[in-house]
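Chain by chain, the residues run as shown.
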Amino acid sequence: MIEEISELIQKGQAKKVVKLVNEALEAGFPATDILNQGLLKGMDAIGVKFKNEEVFVPEVLVAARAMNKGIEILKPYLQDTEHQSKGTVILGTVKGDLHDIGKNLVKIMLEGKGLEVVDLGVDVDAQKFVEEAKIHQAQIICCSALLTTTMPEMKKVVDLVAQEHLNVKVMIGGAPVNQDYCNEIGADYYTDDATSASEVAYAIVGGTLC
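Residues numbered from 1 in each chain as written. Predicted model: local features only at pLDDT ≥ 70, side-chain atom pairs only at ≥ 80, totals over all residues. Heavy atoms only, no water.

Our next topic: the domain arrangement of the protein. Accessible area lost on assembly of the parts is the figure often given for the size of an interface. Assigned domains within the protein: domain 1 (1-79) and domain 2 (88-206). Distance from the C-alpha centre of domain 1 to the C-alpha centre of domain 2: 26 Å. Listed as interface residues are 13 residues of domain 1 and, on the opposing side, 11 residues of domain 2. Summed over both partners, the interface of domain 1 with domain 2 comes to about 980 Å²; 71% of that surface belongs to carbon and sulfur atoms. Considering only the side of domain 1, the residues that lose the most area to domain 2 are Leu40, Phe50 and Lys51, jointly responsible for 40% of the buried surface there. Our count for the contact surface shared by domain 1 and domain 2 stands at two salt bridges. As a salt-bridge pair, Lys113 and Asp44 come within 2.8 Å of each other at their nearest N and O atoms. The dominant element in the side of domain 1 that touches domain 2, judged by the number of residues it contributes, is helix H3 (residues 31-51), at seven residues. The residue makeup of the side of domain 1 that touches domain 2, split by class, is nine nonpolar, two polar and two charged. (Domains from an automatic or database assignment. Contact = heavy atoms within 4.5 Å. Buried area = accessible area lost by both parts, 1.4 Å probe. Salt bridge = Lys/Arg side-chain N within 4 Å of Asp/Glu carboxyl O. Helix = DSSP H or I, 4+ residues; strand = E, 2+ residues; numbered from the N terminus. Nonpolar A, V, L, I, M, F, W, Y, C, P; charged D, E, K, R; others polar.)

See below:
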């Protein structure tokens with residue numbers, strides 16, 4: 001039944017996901033198993049397919065909608081268990097940049113890994129990234145940019161994290177960004193797509209990347 005939930009997530013069939021999640025709960029399956037082995041596993045599979053260009057943005061969006069519908073049902077049950085998010089990520093598009101499609105895809109993939117995402121939206125000041133990382137005790141700050149003119153804002157985030165002596169990794173991404181720029185500004189990680197970003201973030205909070 002849980003495997004079928006995973007498959008339905010990949011097909012983006014939200015109504016069937018809702019029905020089957022309810023049936024799984026009634027059958028006595030633990031909410032954490034339904035979440036991890038059903039909903040998140042299905043979203044993880046979509047992430048791999050997206051990275052391999054087997055599916056595209058519309059399929060990712062409908063899969064995410066189906067996952068979120070399932071999570072809404074599980075929330076009351078998860079609050080009564082030991083379930084905790086695997087880690088917290090502060091996410092946003094840097095100051096001066098109003099593009100959010102890439103950022104939103106990253107959010108979907110991060111949540112598909114079971115990470116807590118604090119989405120600050122677009123046009124986010126460097127200080128805001130750092131303040132929110134402190135408030136939420138985040139392990140990672142993810143900065144997105146589509147305009148080359150806004151890329152220097154990423155360096156401001158990196159510099160502020162260093163000045164504050166925060167134990168937070170800074171990840172950067174976006175169409176004009178590359179590994180050379182990551183190295184130049186001293187950011188911790190660069191990824192070139194949403195799935196890779198979620199994989200790196202998951203490895204950071206899991207302790208397999210430092």
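On to the pattern of salt bridges, then. Applying the stated criterion across every chain, the model contains 12 salt bridges. Measuring nitrogen to oxygen at the nearest pair gives 2.9 Å for the salt bridge that ties Asp119 to Lys103. A residue pair is termed long-range when its members are at least 10 positions apart, and Asp119 in strand E2 (residues 116-119) and Lys103 in helix H5 (residues 101-112) qualify at 16 residues. The exposure class of Asp119 is partly exposed, given its relative accessible area of 29%. The exposure class of Lys103 is buried, given its relative accessible area of 3%. (Buried < 20%, exposed > 50% of the residue type's maximum accessible area, 1.4 Å probe, protein only.)

What follows concerns the packing of helix H2 (residues 14-26) against H3. Between H2 and H3, the least distance of the axes is 10 Å, while the angle of their chain directions is 140 degrees. Like other packed secondary-structure pairs, H2 and H3 cross with a definite hand, here right-handed. Along the contact surface, H2 presents Val17, Val21, Ala24 and Leu25, while H3 presents Ala31, Ile34 and Leu39. (Axes fitted to C-alpha atoms, helices over the stretch in contact; angles between N-to-C directions. Left-handed = near helix turned anticlockwise from the far one by under 90°.)

Two orientations exist for strands paired in a sheet by backbone hydrogen bonds: parallel and antiparallel. What the five strands build is an open sheet, ordered E2-E1-E3-E4-E5; its pairing is parallel. Of all strands in the sheet, those with a lone pairing partner are E2 and strand E5 (189-190), marking the two edges. Summarising the sheet, strand E1 (residues 88-93) and E2 pair through four bridges and their orientation is parallel. Bridged to Thr88 within E2 is Glu116. (Pairing = 2+ DSSP bridges.)

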